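Tertiary structure, described
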Number of protein chains: 2
Amino acid sequence: MAEAGPQQLPAAQSVHHELRNAENSAAFLLDHLSERRNDSLRILDAGAGSGTITVSFAKAFPNAQVTGVDIRSDILPRARAVAETAGVKNIEFQQADLFKLPFDDASFDVTFCHQVLTHVKAPEAALREMLRVTKDEGTCVVAVREGDYDTEAIWPNLSGLVKFHGLAASVMEGGGGTTTAGRQLVSWALNAGVNRSQITASFSSWSYHTPTDKQIWAQGLITHIKRGPMHERGIGAGWTADDLDDMATAWEDWAAREDSSLSMLHGEIIVKK
Amino acid sequence: MAEAGPQQLPAAQSVHHELRNAENSAAFLLDHLSERRNDSLRILDAGAGSGTITVSFAKAFPNAQVTGVDIRSDILPRARAVAETAGVKNIEFQQADLFKLPFDDASFDVTFCHQVLTHVKAPEAALREMLRVTKDEGTCVVAVREGDYDTEAIWPNLSGLVKFHGLAASVMEGGGGTTTAGRQLVSWALNAGVNRSQITASFSSWSYHTPTDKQIWAQGLITHIKRGPMHERGIGAGWTADDLDDMATAWEDWAAREDSSLSMLHGEIIVKK
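The rules we used
- Residues numbered from 1 in each chain as written.
- Chains lettered and ligands numbered in written order.
- Predicted model: local features only at pLDDT ≥ 70, side-chain atom pairs only at ≥ 80, totals over all residues.
- Heavy atoms only, no water.
- Helix = DSSP H or I, 4+ residues; strand = E, 2+ residues; numbered from the N terminus.
- Rg over C-alpha atoms; globule rule 2.2 N^0.38 Å.
- Contact = heavy atoms within 4.5 Å.
- Areas by Shrake-Rupley, 256 points an atom, 1.4 Å probe, with all protein chains shown as cover.
- Axes fitted to C-alpha atoms, helices over the stretch in contact; angles between N-to-C directions.
- Left-handed = near helix turned anticlockwise from the far one by under 90°.
- Nonpolar A, V, L, I, M, F, W, Y, C, P; charged D, E, K, R; others polar.
- Least-squares fit on C-alpha atoms with pLDDT ≥ 70 in both.
- Phe/Tyr/Trp six-rings, centres within 6.5 Å; stacked < 30°, edge-to-face > 60°.
- Lys NZ or Arg CZ within 6 Å of the ring centre and 35° of its normal.
- Buried area = accessible area lost by both parts, 1.4 Å probe.
- Salt bridge = Lys/Arg side-chain N within 4 Å of Asp/Glu carboxyl O.
- Polar contact = N/O pair within 3.5 Å; in protein donor to acceptor, adjacent residues only side chain to side chain.
- Pairing = 2+ DSSP bridges.
- UniProt positions renumbered as here; feature names shortened; annotations may be inferred.
- Expected span 1.5 Å × (residues − 1).
- Buried < 20%, exposed > 50% of the residue type's maximum accessible area, 1.4 Å probe, protein only.

A word on the overall build of chain A
Looking only at helices and strands, one finds 11 helices and eight strands in chain A. Relative to the globule expectation of 19 Å for 273 residues, the C-alpha radius of gyration of chain A, 18 Å, shows essentially globular dimensions. Projected onto the principal axes, the alpha-carbon positions of chain A cover approximately 55 × 40 × 35 Å. Contacts in chain A between residues at least 24 apart in sequence constitute 79% of all its contacts with a sequence separation of at least 6. Of the roughly 10,400 Å² of accessible surface on chain A, 47% is carried by carbon and sulfur atoms.

Right under this line is the structure:
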């Protein structure tokens, strides 16, 4: 989910993030590439984290060569383990800075980025870099999907969840990110030098309704709130230990209720090169 | 769209509403009924308005008998004209109150309702009435889709659009409706006496990105703001004529920009009976 960055994830948060795959996180791109499933594409996943989306690209495009990069070298062994468990061979992971990708111009047919730009100070510079490494052959694309945290719809809106939303928003904004990334993607792409006619834009939703999904999501956040970096940032930004306890308790209550749900809009763009 | 109620629509607003069909407004229900396209279902569209969704149900289920009802008798000739233009015969429209539907218990296989409950004071009573007229045969369903206006994501967020959002929210709430209907559907269904195991919940988005769609949406609202009931309600609620001009101008500017978009989450439930 958009509000949890890829940095320093505690275990429970990683469990949640590893639920992500190309089918639930990049359906718009799979649709766009539906005629190219057997092509020998070069695909880049920029900000791959633990690699579950990257690996599902490698499965969905068996003749492709897929590269996943992440700024964190310590996540790479986990990504490689995910690939090995899935039995995919057409994949590699390496450490790389999104703003200085270690690839020649026009190296990839498809460059993908998911829930990353919402956390960075210069999303347009990142887009320019992704455009640079993407081939200029008409059929090649840069595809991005980002959450829009301001649209988070939680029911019931328990007071501890309202507090948590405020904390998570301040963490995102404090790190230079934005809570309205999803709706800004077209604007960012235009500022990165793309023409509007190259862009196909869409929105989709990410939601939790089932008891299992709600528990996984809530437990990830509770770990984050109780002893993860969000705890330290919350205390540092003026929340009290009681506030943080309220947030954790509210997520527990929310996950246990049968009337509860969470959804958030995600913006999507496909930029044709 | 959710924020425009079905009452007293000026012409431009009607043009917008008539873009709605089963494919873009009830995809979740079409998916659920994909095996029953040729069955002789009885389908009710409760709050049919000008009938475009109702008519597309009649086309999608050629052996069904489709009934559309609306509280406004003056919209029925338009709905019948839409049906005649489409050449569908398996359809009828009649005036009816959602809270006192003129049908026996267990009359319909499928009862549908779209962008209606967000505007009413007693959504749970409406759901109970829809459940009453729906057959109790395991395969029969009540299906509802409602916008969640608090999740409206507009870019760029021009000051006149922020003002407009406030006006539209106050009109919805002033009429007894709510700006968080989408996320409350499961809760409402539980309160209407349904078990959680009967409910399948989902979210989808409604969005405008293309110049044509943005113009249709903006022109509908501009008419509404300049001389429709929203104008009167705005003035009555303390907005000035200048405020209303700002809103109309902002929608014009928004529609003309190439970086602009609008999206909103919609909640969806299918209740099996």
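Regarding the packing of helix 4 (residues 52–60) of chain B against helix 5 (residues 76–86) of chain B
All names here are of chain B. Here helix 4 crosses helix 5 at 35°, and the two axes come no closer than 9 Å. The element helix 4 and its partner helix 5 pack so that their crossing is right-handed. On helix 5, the residues that touch Thr52, Val55 and Lys59 of helix 4 are Val82, Ala83 and Ala86. Per-class residue counts for the contact of helix 4 with helix 5 are four nonpolar, one polar and one charged.

Digging into the relation of the copies chain A and chain B
With an axial shift of 0.0 Å and an RMSD of 0.0 Å, the rotation relating chain A to chain B amounts to 180°. A rotation of that kind, with that shift, is consistent with a two-fold axis. Every residue of chain A has its C-alpha some distance from the rotation axis, and the shortest such distance is that of threonine 151 of chain A, at 2.2 Å. An overlap of 96% is found between the interface residues of chain A and their copies at the interface of chain B, pointing to a shared contact surface.

Some words on the packing of aromatic side chains
Evaluation of the coordinates by the stated rule reveals 14 aromatic pairs over all chains. Judged by centre distance (5.2 Å) and plane angle (75°), the ring pair of phenylalanine 57 of chain A and phenylalanine 112 of chain A falls under edge-to-face. With a gap of 55 residues between them, phenylalanine 57 of chain A in helix 4 (residues 52–60) and phenylalanine 112 of chain A in strand 4 (residues 110–114) connect regions that are remote in the sequence. The interplanar angle of 85° and the centroid separation of 5.0 Å between the aromatic rings of tryptophan 251 of chain B and tryptophan 254 of chain B together place this pair among those described as edge-to-face. You can see tryptophan 251 of chain B and its partner tryptophan 254 of chain B sitting in helix 11 (residues 241–256), three residues apart, about one turn around the helix. Through a chain of ring-to-ring contacts, three or more aromatic side chains come together here, namely Phe57, Phe61 and Phe112 of chain A. Above the face of the phenylalanine 61 of chain A ring, arginine 37 of chain A is positioned so that its terminal group lies 5.3 Å from the ring centre.

Quick look at the interface of chain A and chain B
Note: interface size is frequently given as the accessible area lost on complex formation between the parts. Contact with chain A, which involves 27 residues of that partner, is made by 26 residues of chain B. Summed over both sides, the interface between chain A and chain B buries roughly 2,200 Å², with carbon and sulfur atoms accounting for 61% of that surface. Our enumeration of links across chain A and chain B arrives at zero salt bridges. Remark: the boundary between chain A and chain B carries six residue pairs in polar contact (both at pLDDT 80 or more). Put simply, the parts of the chain that give the side of chain A that touches chain B at least two residues each are strand 6 (153–155), helix 8 (181–191), strand 7 (199–208) and strand 8 (261–272) of chain A. It is strand 7 of chain A that contributes the most residues to the side of chain A that touches chain B, six residues altogether. Classifying every residue of the side of chain A that touches chain B gives 10 nonpolar, 11 polar and six charged.

Brief notes about the pairing of strand 3 (residues 91–95) of chain A
Of the strand pairs in this sheet, strand 2 (residues 65–70) of chain A and strand 3 of chain A are connected by five bridges, and their pairing is parallel. Across the sheet, the residue bridging to aspartate 70 of chain A is glutamine 95 of chain A, located in strand 3 of chain A.

Details of the UniProt feature "domain: Methyltransferase" (unreviewed entry) in chain A
The sites that carry the UniProt feature "domain: Methyltransferase" (unreviewed entry) are, in the present numbering, residues 39–143 of chain A. For residues 39–143 of chain A, the helix share is 29%, the strand share is 23%, and the end-to-end C-alpha distance is 18 Å.

Remarks on the environment of alanine 189 of chain B
All names here are of chain B. Its location among the elements puts alanine 189 in helix 8 (residues 181–191). As a C-alpha pair, alanine 189 and phenylalanine 112 span 77 residues in sequence and 14 Å in three-dimensional space. Ignoring any residue separated from it by four or fewer positions in sequence, one finds alanine 189 in contact with Leu127, Val194, Ile199, Ile269 and Val271.

What about the environment of serine 205 of chain A?
Secondary-structure assignment places serine 205 of chain A in strand 7. Of the polar contacts made by the side chain of serine 205 of chain A, one reaches the backbone oxygen of phenylalanine 203 of chain B; its length is 3.1 Å.

Let's talk about helix 9 (residues 211–227) of chain B
The end-to-end C-alpha distance of helix 9 of chain B, which contains 17 residues, comes to 24 Å, matching closely the 24 Å that a straight helix rising 1.5 Å per residue would cover. Within the sequence span of helix 9 of chain B, burial applies to Lys214, Trp217, Ala218, Gly220, Leu221, Ile222, Thr223, His224 and Ile225 of chain B.

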